[in-house]
Amino acid sequence: MSVKIYIPGDSGALAVGADKVAMRMAQAIAARDLDVTIIRNGSRGLFWLEPMIEVETEAGRVAYGPVKPADVDGLLSAGLLDGGDHPLCLGPTADIPFLKRQTRLTFARCGITDPLSLEDYRNHGGLAGLINAVAMTPQAIVQEVTESGLRGRGGAGFPTGIKWKTVLEAEGPQKYIVCNADEGDSGTFSDRMIMEGDPFVLIEGMVIAGLAVGATKGYVYTRSEYPHAIRMMTRAIEIARKNNILGPSVLGSLHAFDMEVREGAGAYVCGEETALLESLEGRRGVVRAKPPLPAHKGFLGRPTVVNNLISLATVPVILDKGGAYYRDFGMGRSRGTIPVQITGNVRYGGLFEAAFGMTLGELVDDIGGGTATGRPVKAVQVGGPLGAYFPRELFDTPFDYEAFTAKGGLVGHAGIVVFDDTADMLKQARFAFEFCAIESCGKCTPCRIGSTRGVEVIDRIAAGIEPEKQKDLVADLCNTMKFGSLCALGGFTPYPVMSALTHFPEDFRPVPMSQAAE
Amino acid sequence: MDSRHLDADIASRTEAIVGRLKPLEGPLLPILHDIQAEFGYVPQASLPVIAQGLNLSRAEVHGVVSFYHDYRETPAGRHVIKLCRAEACQSMGANELADRLLGLLGLDWHETSSDGAVTIEPVYCLGLCACAPAAMVDGEVIGRLDADAVQDLAMAVRA
Ligand SMILES: Cc1cc2nc3c(=O)[nH]c(=O)nc-3n(C[C@H](O)[C@H](O)[C@H](O)COP(=O)(O)O)c2cc1C
Ligand code: SF4
Ligand code: FES
């Protein structure tokens, strides 16, 4: 029997040389005349160990990493194919603490299977949810999702079941499922990992959504910054079509569903659902006023479910194991699991899926292992560029939508960016305004103009020009943006700005002249 | 080819793309992506052809092209470096690396070197935030960038 070696094809692994490792491995295998199959899996999400390769042994999979091309020959000589010992050996993959401590529901297969093998997908529990759904009424599917307590993972945390119910009850000649895979938040990559590592789970989730609301067409809108994900997703859709998971007769039933991938063109605001729909229709990505809700008048004016990719990719496990199973994880009104992305200046950066309720401190210090530079953690930004900066004093905040809101922050798409004590929070506040100015869709004055004013005011603080007066100006400006903006780009930019100012006032004091002159 | 012939050539190739993608729901972005893939930018001469094909005004098409950061109105250099400037990369020193790279190339953001070798653009997150700082060079992703890697990159794109 051919031995299986797994070398990830995830962008995060490719970015640190996985292709070169795979190439060297293929050459070494040929030279040694070994019977080995190389599988390009997704990533397990332990990015500090990438490229992390695995070998399938009788005792299960054994991991090695981070592997450089020059390590390949030594690994083979050390008995890689039997899980032999080597300085890079990490032991059985399943026992690596970072993985062992997770509860993987949405990411159950990611990094384990060959992303484009339907056989692998089925053998690891794939399609079980869809098989159930095909035999259910739309109302029963919606009920199951409602019962699971699943809330949108795109940022706002809106209950997915309620959204689906609205679309189910809406009348229209054609309804749509739109997957929001625009993932523009810094510190996030969970959507990308699914598209590259387990694309069938998204397809399955979208088909189930289609059955639930009576939609027969779906779109995955993703970013042009994700070319590899686009390639994988497109190929997976073709495979699903050939195997009657998509097409006129889903799994041989009377239901039809088909889907395609659409690529954005570099505009953060197109992650906002109505701007996304404008973009999908071929217009400028300008935010629409609500109402009407996309659920009533969405793509081409027809009833449309717009859900984040992780929301949709979580539906299959809910339909497989039941809403109650999923709901039993988590805390408060935050049910189930959340794939947290631990990033930035952190020692063990990666994807950590766990039930809601872990504290920020556990995630950063314990799981993340503190900073990569070894310096003290100064701040973490949670929830992307519109999320607040948290100081250490707030590290007891549990991962939970309501708990984060109560502390003036947001969970968002669950990205955490860690900064060490060299970070200058004035610069971070300035960047928040700058980013808003660059990405504003231009519809509201407070967002379009206020953000540019904000940069100027921060620059005056940095220069020591009447700093107290400028700080009041920043607060005023933030207030205007918060209440005068149509969407969260202008409306939430005050979060990073004001949290930096409130929690790190020392960074906003004018630099004493003697130091400034240095 | 003189400019009139060039425009006619662009128009006919654009027409083929429009004809192929027009049946899509919301065909404009897919058309613009294909045009940029075909020519390396979105030529002015394409706009009237698209407008006519989709029953839009030329101004509407131009408005869409100008809204999105991705579409170029002039050709890029032979190599395109997209360096991430977003927060996770900042936390790992991306700003300093950017200054260094811009200095080595003698360029500012969005500029193309006079020999046409390289264009440098900012990008706000590549989804490689756990292997920051990150960049994309000619469509290939690079993570864990450091000063040496930036030096090599500057040499490689100039070679
Ligand atoms: C500026 C802005 C950017 C956004 N970007 C994204 C994004 O990249 N992905 C996403 O799923 N939601 C994003 N959202 C939220 C969407 O508008 C919307 O709430 C979400 O797609 C709904 O899906 P969910 O209920 O499954 O979360 C963004 C919102 C704003 C205001
Ligand atoms: S807040 Fe900004 S991005 Fe949002 S709609 Fe207004 S101008 Fe557009
Ligand atoms: S912030 Fe640079 S890759 Fe995400």
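Here the structure is a predicted model, which is why all the values come from computation and not from measurement.

Reading the values: the criteria
- Residues numbered from 1 in each chain as written.
- Chains lettered and ligands numbered in written order.
- Predicted model: local features only at pLDDT ≥ 70, side-chain atom pairs only at ≥ 80, totals over all residues.
- Heavy atoms only, no water.
- Contact = heavy atoms within 4.5 Å.
- Buried area = accessible area lost by both parts, 1.4 Å probe.
- Salt bridge = Lys/Arg side-chain N within 4 Å of Asp/Glu carboxyl O.
- Polar contact = N/O pair within 3.5 Å; in protein donor to acceptor, adjacent residues only side chain to side chain.
- Helix = DSSP H or I, 4+ residues; strand = E, 2+ residues; numbered from the N terminus.
- Buried < 20%, exposed > 50% of the residue type's maximum accessible area, 1.4 Å probe, protein only.
- Axes fitted to C-alpha atoms, helices over the stretch in contact; angles between N-to-C directions.
- Parallel < 35°, antiparallel > 145°, perpendicular 65-115°, else oblique.
- Left-handed = near helix turned anticlockwise from the far one by under 90°.
- Nonpolar A, V, L, I, M, F, W, Y, C, P; charged D, E, K, R; others polar.
- Pairing = 2+ DSSP bridges.
- Phe/Tyr/Trp six-rings, centres within 6.5 Å; stacked < 30°, edge-to-face > 60°.
- Near = heavy atom within 4 Å.
- Areas by Shrake-Rupley, 256 points an atom, 1.4 Å probe, with all protein chains shown as cover.

Trainee: Outline the interface of chain B and chain A, listing residues and values.
Mentor: Contact residues are listed per partner, giving 37 residues for chain B and 65 residues for chain A. Between chain B and chain A lies a buried interface of about 3,600 Å² when both sides are counted; carbon and sulfur atoms form 57% of it. Scanning the region where chain B abuts chain A turns up 1 salt bridge. Put simply, Glu434(A) and Arg85(B) hold a salt bridge, and the shortest N to O gap is 3.8 Å. The tally of links between chain B and chain A comes to 28 residue pairs in polar contact (both at pLDDT 80 or more). Of all the elements in the fold, those that place two or more residues in the side of chain B that touches chain A are helix H2 (28-39), helix H4 (58-67), helix H5 (87-90) and strand S4 (140-142) of chain B.

Trainee: Talk me through the pattern of salt bridges; I want residue IDs and the actual numbers.
Mentor: Any two side chains of opposite charge can pair, on the condition that their charged atoms come close. Residues and elements named next belong to chain A. Summed over all chains, the structure comprises 39 salt bridges over all chains. Between Glu260 and Lys217 there is a salt bridge; the shortest N-O distance is 2.7 Å. Separated by 43 residues along the polypeptide, Glu260 in strand S8 (residues 258-263) and Lys217 in strand S7 (residues 217-222) bring together distant segments of the chain. An identical accessibility class is assigned to Glu260 and Lys217; each is buried. When salt bridges with common partners are traced through the structure, they connect Glu278, Glu281, Arg283 and Arg288 into a single cluster.

Trainee: Before we move on, can you summarise the packing of helix H10 (residues 199-213) of chain A against helix H11 (residues 227-242) of chain A with the specific residues and values?
Mentor: Residue and element names in this part refer to chain A. The N-to-C vectors of H10 and H11 enclose an angle of 60°; their axes lie 9 Å apart at closest approach. The angle between the axes of H10 and H11 places the two elements in the oblique class. Of the two possible hands of crossing, H10 and H11 adopt the one that is right-handed. Contacts from Pro199, Phe200, Leu202 and Ile203 of H10 reach H11 at Met232, Met233, Ala236, Ile237, Ile239 and Ala240. Classifying every residue of the contact of H10 with H11 gives 10 nonpolar, no polar and no charged.

Trainee: Please provide a residue-by-residue account of the sheet that holds strand S4 (residues 60-64) of chain A, values included.
Mentor: Residue and element names in this part refer to chain A. One open sheet holds the 5 strands; their spatial order is S2-S1-S3-S4-S5, and the pairing between them is mixed. The open sheet has two edge strands with one neighbour each: strand S2 (36-39) and strand S5 (89-92). Shown here is a sheet whose adjacent strand axes are inclined to one another by a mean of 25°, direction ignored. When strand S1 (residues 3-6) meets strand S3 (residues 53-57), the two strands line up antiparallel, connected through 2 bridges. The residue of S3 that forms the bridge with Ile5 is Val55. Across the sheet, helix H2 (residues 18-32) lies against S1, S2 and S3, angled at about 170° from S2, the strand it touches most.

Trainee: Requested: an account of the packing of aromatic side chains, with residues and values cited.
Mentor: Scanning the model with the defined rule gives 20 aromatic pairs over all chains in all. Look at Phe431(A) and Tyr124(B): their rings are 6.2 Å apart centre to centre, the planes differ by 35°, and that puts the pair in the tilted class. Placement of the pair is Phe431(A) in helix H17 (residues 425-439) and Tyr124(B) in the loop between strand S2 (118-123) and strand S3 (135-137), with the two residues belonging to separate chains. The exposure class of Phe431(A) is buried, given its relative accessible area of 5%. What makes Tyr124(B) buried here is its relative accessible area of 11%.

Trainee: A description of the site of ligand 1 should follow, citing residues and the corresponding values.
Mentor: All names here are of chain A. Around ligand 1, the structure places 18 residues, and the nearest of them are Gly154, Asn180, Asn307, Asn308 and Ser311. In the environment of ligand 1, an oxygen atom lies 2.7 Å from a nitrogen or oxygen atom belonging to the backbone of Gly154. The separation between an oxygen atom of ligand 1 and a polar side-chain atom of Ser311 is 2.7 Å. Protein coverage of the free-state accessible area of ligand 1, which is 610 Å², stands at 91%. For the shell around ligand 1, the element with the most residues is strand S9 (residues 304-308), which contributes 3 residues. Its residues placed into classes, the shell around ligand 1 shows 4 nonpolar, 8 polar and 6 charged.

Trainee: Give me the side chain of Asp70(B): which residues, what numbers.
Mentor: Relative to the elements of secondary structure, Asp70(B) occurs in the loop between H4 and strand S1 (79-84). Contact partners of Asp70(B), with chain neighbours within four places excluded, come to Ser224(A), Gly264(A), Ala265(A), Gly266(A), His33(B), Gln36(B) and Lys82(B).

Trainee: Explain the site of ligand 2 to me, using residue names and the numbers behind them.
Mentor: As a structural note, the neighbourhood of ligand 2 is formed by 13 residues, with Cys441(A), Lys443(A), Cys444(A), Cys447(A) and Cys487(A) the closest of them. Each residue belonging to the shell around ligand 2 can be placed in one class, and the counts come to 8 nonpolar, 4 polar and 1 charged.

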